[in-house]
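Notes for the structure review
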Amino acid sequence: MPDQEWKQALVDYVNVINEADLLGDAGALRRVPDPLHRARLAQRAEALAQRSRLVRFRPIRSEIKARLLRSSERAAEAAVELQLHIIRSYEQDGHPWREERLERERIRLIRTGKGWRIDGIEPVGGESRPVPMTATDTRVADEYGWPGRPVLPSIPLIKASASASRKSKVYAAPGTSGSWDDWSERAAAYRREEAVAYAELWWDRPNPAFEHFEVNCTNYVSQCLFAGGAPMNYTGRRESGWWYKGFVNGKEQWSFSWAVANSLQHYLSFPRSFGLRAQAVESPRQLMLGDVICYDWDGNGRYQHNTVVTAFTPDGMPLVNANTVSSRRRYWDYRDSYAWTERTRYRFFHISEEF
């Protein structure tokens, strides 16, 4: 068991950020010991203050549950990875709702003459870090975009299975000798409620039927679309279609559009006559359950994060679920993300009602 003073330093830190979040008290952040992390928190607090001047809801409760994921200690130093389960309740026009997210932080502590104190705090696995999907695929996050190159739908398509946790059924592709006329559900409807139910079920844990990536936001959104009935567009080529088969003979078998944020944004942007289709709309108010929001943090045209709409505020603004920072019913603008900047741009995609 860690030293009680070692634990107390973590408790004091969690209490400070909880107080600052609930009361909007930027002064409380002065008690955060790491100046770099203090600056991150202050920037986020200012972004949320800007939001509060734009929207008509207010926080009514904040709770942070801390869980120690791992730790190591030697001599006068300790390092821990902490999971913060952040639960916030908001109210608008007398109607409350609750949002949740799981953030991870790496914290370094040192022993002093008076006990332990925090020496450094670093967020782990944020929405903005463009790391590769896997250790064996180092090119994907930075190189795949295919601007101006339409990706046409091809056959066969892979039908979504109700048994989403049974890998053998979900990924059994029809034979390549099939034709579009053989596909019996060409006009299948998008089942928005099922996409949302899947998003709610798996928001805070990976579905073992799929690979889980360090940057998992687009993989998660693709799974939600698939659960809602969107048919996979299996081409066998990673740079085209929208499909997933997992690891086959030790090789990664999924399209870039399935798991890379900018690639899914490109795929949804191109018109096609059938299969997974979407219409870009101008306002988040035009979205429905199961629709998709893409985030370009730097305003440079490269999208680094995706979310799926799972609920709405009383005045009709979207609340979203997401990974990599696992989030449930989070306000759509993401001003509470360390990744958000004044240059952030969004794309709003309304998924077609029929495939």
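Residues numbered from 1 in each chain as written. Predicted model: local features only at pLDDT ≥ 70, side-chain atom pairs only at ≥ 80, totals over all residues. Heavy atoms only, no water.

Overview of helix α8 (residues 261-269)
For α8, the tally of buried residues reaches eight of nine residues, placing the bulk of the element in the interior. If you check which residues of α8 are buried, you get A261, N262, S263, L264, Q265, H266, Y267 and L268. (Buried < 20%, exposed > 50% of the residue type's maximum accessible area, 1.4 Å probe, protein only. Helix = DSSP H or I, 4+ residues; strand = E, 2+ residues; numbered from the N terminus.)

Examining the packing of aromatic side chains
Centre distance and the angle of the planes are the two values used to describe a pair of aromatic rings. A full pass over the atoms with the stated rule returns 23 aromatic pairs. With a centroid separation of 5.7 Å and 10° between ring planes, the pair formed by Y244 and W254 is classed as stacked. Taken together, the positions of Y244 in strand β7 (residues 244-248) and W254 in strand β8 (residues 251-254) put the pair ten residues apart, joining distant regions of the chain. For W254, a relative accessible area of 0% corresponds to the buried category. Ring-pair connections join several aromatic residues into one group, and the members of that group are F57, Y90, W97, Y295, W297, Y331, W332, Y334, Y346 and F348. The ring of Y334 has R330 lying over it, and the distance from NZ or CZ to the ring centre is 3.9 Å. (Phe/Tyr/Trp six-rings, centres within 6.5 Å; stacked < 30°, edge-to-face > 60°. Lys NZ or Arg CZ within 6 Å of the ring centre and 35° of its normal.)

Let's talk about the pairing of strand β1 (residues 58-74)
Taken together, the 15 bridges between β1 and strand β2 (residues 77-92) define a ladder with antiparallel strand orientation. When the bridges of β2 are listed, R70 appears paired with E81. (Pairing = 2+ DSSP bridges.)

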